[in-house]
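# Examination of the molecular architecture
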Amino acid sequence: TWTAHPAIYLSGTDNTLTVQIEGDEFVAIVNGEIVTTVTDSTIASGGVGIYIATPPTGSTHVIVSSFTVAEIASQSVESMTGDEPELSPTESESN
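None of these values were measured; they are calculated from a predicted model.

Criteria and cut-off values
- Residues numbered from 1 in each chain as written.
- Predicted model: local features only at pLDDT ≥ 70, side-chain atom pairs only at ≥ 80, totals over all residues.
- Heavy atoms only, no water.
- Helix = DSSP H or I, 4+ residues; strand = E, 2+ residues; numbered from the N terminus.
- Buried < 20%, exposed > 50% of the residue type's maximum accessible area, 1.4 Å probe, protein only.
- Contact = heavy atoms within 4.5 Å.
- Areas by Shrake-Rupley, 256 points an atom, 1.4 Å probe, with all protein chains shown as cover.
- Pairing = 2+ DSSP bridges.
- Axes fitted to C-alpha atoms, helices over the stretch in contact; angles between N-to-C directions.

Before going further, it helps to examine the overall build of the chain. Regarding its fold elements, the chain presents one helix and three strands. For the chain, the N- to C-terminal ordering of α and β elements is β-β-β-α. Buried positions account for 7% of the 95 residues belonging to the chain. Partitioning the intrachain contacts of the chain with sequence separation of at least 6 by distance along the chain shows that 11% fall at a separation of at least 24. Carbon and sulfur atoms make up 53% of the accessible area of the chain, which totals about 8600 Å².

And the structure:
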């Protein structure tokens, strides 16, 4: 279901959509602002794509100027207190 959000620019203005996925959590970011976070443990793997929907009495025009899928490598975070470096969640799970 479509929900209006102040981060989403009106028709005729470019919007930037980012979806960050870690484990079963999906974070949707529009124009740099988190608009929703969803958890779905039923999706173990698969592909990605773009789906556009319109109401029965409406129409939609979409131009996709770029579409990138990238895996973000996890990194150790240096301790500011001199303690052992903290591991990112991905590294912690594999140890």
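Take the environment of A70 next. Tracing the backbone through its elements, the reader meets A70 in the loop between β3 (33–39) and α1 (89–94). With a relative accessible area of 62%, A70 lands in the exposed category. Distance from A70 to Q20, taken between C-alpha atoms, is 9.9 Å for residues 50 residues apart in sequence.

So, on to the sheet that holds strand β1 (residues 17–22). Pairing is antiparallel across the open sheet formed by three strands, whose spatial order is β1-β2-β3. Either end of the sheet is taken by a strand with one partner, and the two such strands are β1 and β3. For this sheet, the mean angle separating the axes of adjacent strands, direction not counted, is 20°. Judged from the six bridges that link them, strand β2 (residues 25–30) and β3 form a sheet pairing that is antiparallel. Within β3, the residue paired with V27 across the bridge is T37.

For the rest of this paragraph, the subject is the environment of T18. Structurally, T18 is set in strand β1. On the accessibility criterion, T18 (33% relative accessible area) is partly exposed. When neighbours within four sequence positions are excluded, T18 is seen to be in contact with V27, A28 and I29.

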